Amino acid sequence: LWGYDSDNGPARWHENYPLAKGDKQSPIEINSKDVRHDSSLAPWHTSYDPGAAKTILNNGRTCRVVFDDSFDRSVLRGGPLSGAYRLRQLHLHWGSSDDHGSEHVIDGVKYAAELHMVHWNPKHGNFAGALKQPDGVAVVGIFLKVGTTPKPEMKRILEEIDKIKTKGKEAPFQHFDPSILFPKSRDYWTYHGSFTTPPCEECITWILLREPIEVSPDQMAKLRSLSKNPENEPVMPLVDNWRPPQPVKGRMVRASFK
Ligand SMILES: NS(=O)(=O)c1ccc(O)c(NC(=O)NCCCCO)c1
Ligand SMILES: [Zn+2]
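Residues numbered from 1 in each chain as written. Chains lettered and ligands numbered in written order. Predicted model: local features only at pLDDT ≥ 70, side-chain atom pairs only at ≥ 80, totals over all residues. Heavy atoms only, no water.

Draft legend 1. Quick peek at the coordination of the zinc ion (ligand 2). Protein coordination of the zinc ion (ligand 2) is provided by H91 (NE2), H93 (NE2) and H116 (ND1), with donor distances spanning 2.0 to 2.1 Å. Classification of the site at the zinc ion (ligand 2) as tetrahedral follows from its four donor atoms and the range of 101 to 115° in their angles at the metal. Written as a sequence motif, the donor residues of the zinc ion (ligand 2) are H-x1-H-x22-H. Neither residue differs from the other here; H91 and H93 are each classed as buried. (Donors = N, O, S within 2.8 Å, 3.2 Å for Na, K, Ca; no water. Tetrahedral: all angles 85-135°; square planar, octahedral: opposite > 155°, others 65-115°. Buried < 20%, exposed > 50% of the residue type's maximum accessible area, 1.4 Å probe, protein only.)

Draft legend 2. Molecular detail of the pairing of strand 13 (residues 204-209). In terms of burial, strand 13 is largely enclosed, as six of its six residues are buried. Sheet analysis places strand 10 (residues 137-146) next to strand 13, joined by five bridges and oriented parallel. Along strand 13, the bridge assignment pairs V139 with W206. (Helix = DSSP H or I, 4+ residues; strand = E, 2+ residues; numbered from the N terminus. Pairing = 2+ DSSP bridges.)

Draft legend 3. Structural detail: the state of the cysteines. For the coordinates displayed, the defined rule picks out zero disulfides. Cysteine C200 shares no disulfide, and the gap to the nearest cysteine sulfur, in C203, comes to 10 Å. (Disulfide = S-S within 2.5 Å.)

Draft legend 4. Structural view of the packing of aromatic side chains. One pass over the structure, following the stated rule, counts nine aromatic pairs. Centre to centre, the rings of F173 and F176 are 4.9 Å apart; their planes meet at 65°, and the pair counts as edge-to-face. With a relative accessible area of 1%, F176 lands in the buried category. Three or more aromatic residues link up through ring pairs in this structure, and these residues are W2, Y4 and W13. Over the face of the ring belonging to W2 we find R61, whose NZ or CZ atom lies 3.9 Å from the ring centre. Between R156 and the ring centre of F173, over which it is positioned, the NZ or CZ distance is 4.5 Å. (Phe/Tyr/Trp six-rings, centres within 6.5 Å; stacked < 30°, edge-to-face > 60°. Lys NZ or Arg CZ within 6 Å of the ring centre and 35° of its normal.)

So, in structure tokens, the structure goes:
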């Protein structure tokens, strides 16, 4: 099945997932010169219930935290969105070294990792229904850079890594409010795009935070210690699970800031 290796990676996804060659694909490279400041863009807000966090898992392609999205319990509002979008899961993409790993690239800068908080629009009934709508899903993207003053909140996710070392491992992950991961600034870019993994549906309003958060070198090492394989198979480091930037095809990228 699809993955990030040469025989099943991003360049070949379109063979089984035709949407991958669409004209609203993600990620993209953001060039500040092509971005348009939109003063009508509202600030975005979240109200997350820490009790909605359920489990953390290694699905062989990423490390994912899953939340209870059976009602409007943890929601994202505002920004380019209309209505409240329910938080469903968060996951990360990262590289084999600190100089790359993010999916979106900002003025040529690749970050060490990129965290995605995935929300869906309940007006479409359920997540599967939301995938078929242009306003179905909203993902908040946060860039991670390696530094010396790591965010203590990242610790919580990375402490659990030891319990989900191999593919298929899942552990309880409760009492966690992901809004503690947000940087100080609420500045963001927004554009319309897709899932960065197959089937690559073009149903995502991307909200990318301008200010990266810091993680420590050993926190990155911990992330890279995850294995793509199940426990009874050879360790295959789960790294470089990022899709490269896709053609912008004339799309407008708006900034909430000047
Ligand atoms: N990167 S994204 O556009 O924010 C994104 C948001 C929500 C998703 O569900 C996926 N896809 C996903 O998690 N696939 C990996 C394992 C699937 C099990 O085989 C990607
Ligand atoms: Zn993602």
